[in-house]
Every structure is written in C-alpha cells, then in structure tokens.
Amino acid sequence: TIFFDHNSSTLNTAAMALNAEISNRIKSTGSTSVTVNGYTDRSGEREYNRLLAERRAATVAAELEQTGIKPMVGSQSYGEDRSAVQTADGVKEWHNRRVVVTLRK
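The rules we used
- Residues numbered from 1 in each chain as written.
- Predicted model: local features only at pLDDT ≥ 70, side-chain atom pairs only at ≥ 80, totals over all residues.
- Heavy atoms only, no water.
- Buried < 20%, exposed > 50% of the residue type's maximum accessible area, 1.4 Å probe, protein only.
- Helix = DSSP H or I, 4+ residues; strand = E, 2+ residues; numbered from the N terminus.
- Pairing = 2+ DSSP bridges.
- pLDDT = per-residue confidence, 0-100.
- Core = buried A, V, L, I, M, F, W, Y, C linked by side-chain atoms within 4.5 Å.
- Contact = heavy atoms within 4.5 Å.

Asks: What's the story with the pairing of strand β2 (residues 33-39) in this structure? I'm lost.
Replies: Consecutive side chains along a regular strand alternate between the two faces of the sheet. For β2, the buried fraction is high: 6 of the 7 residues fall into the buried class. By the bridge criterion, 6 bridges tie β2 to strand β4 (residues 98-104) in an arrangement that is antiparallel. Paired with V34 across the two strands is L103, which belongs to β4.

Here you go:
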C-alpha cells in the first residue's frame, strides 16, 4: 500500500522508496499479474475523487513500468468508495489516500 498526500497524485519520497521495493518484489517472485487500485478520502466531490484515485493508480503503474515491470494487467479507480477507514463525507483521512498493489503468480 502506497499512501499519498492530500489532493495529490505525486509520489513523495517514502512512496518512491516503497514503489521501488514493490518493483523488486515483483521481479524476485516472478509475479505475472499486477493489479494497481487507487483510492481517496472523502474530502472532495465524488467525481473529482474518482479521477484523483485514477491518477494515483496511473502514477504508480507508470513508475513500475519504468523499472521494467511488464506484467501490468491494469489499474482500477475506486475513488472514495471502499475506504480503509470509514468517515463522514468531507473528512480528510490519510489511510484512505492510497494505492494498493496486488501481486499474483
């Protein structure tokens, strides 16, 4: 799981390091299926959050592809749906601003 700053789809330093670790794990395990799912918190409009989650997933996928990872099956955007931590509408929650990368052999 890679976390993002509020209203951002840019990888910060910690996220870049984690993405590199994920890339290494993909290579070492020989994973043939990689799924990248993006999420947001509930602090913005629903459609904006859906698009932000899509950008986050695309950012992570693009960074993985730059390291030579080719088994990318795609990415999905859930926006503010499927929150890790349930909150009221309009609440900022960093646990929900994330991209989850799932590896399968």
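Right, picking up where we left off after that structure.
Asks: So what exactly am I meant to see when it comes to unusual backbone geometry here?
Replies: What is expected of a backbone is that most residues other than glycine have negative phi and most peptide bonds are trans. Positive phi, close to 60°, is recorded for N7, a residue that is not glycine. With respect to the secondary-structure elements, N7 resides in the loop between β1 (2-3) and α1 (13-29). Note on N7: relative accessible area 44%, which makes it partly exposed. One non-glycine residue with positive phi stands out, namely R82, at about 60°. Tracing the backbone shows R82 in the loop between β3 (72-79) and β4.

Asks: Help me understand the confidence of the model for the chain in this model?
Replies: Close inspection of predicted coordinates is inappropriate in any region flagged by low pLDDT. The predicted model of the chain has a mean per-residue pLDDT of 90, with 96% of residues at 70 or higher. Ranking the elements of the chain by mean pLDDT puts β3 last with 75 and β1 first with 95.

Asks: I'm lost on the nonpolar core in this one. Help?
Replies: The tendency in soluble globular proteins is for nonpolar side chains to be buried as a group. In terms of nonpolar packing, the biggest core is built from 15 residues, with I2, V36, V60, L64 and V101 touching the most fellow members. Tallying contributions element by element places helix α2 (residues 46-66) first for this core, with 4 residues.

Asks: Where do I start with the environment of T102 in this structure?
Replies: For T102, the location among the structural elements is in strand β4. Dropping the residues within four chain positions of it, T102 is found in contact with S33, V34 and T35.

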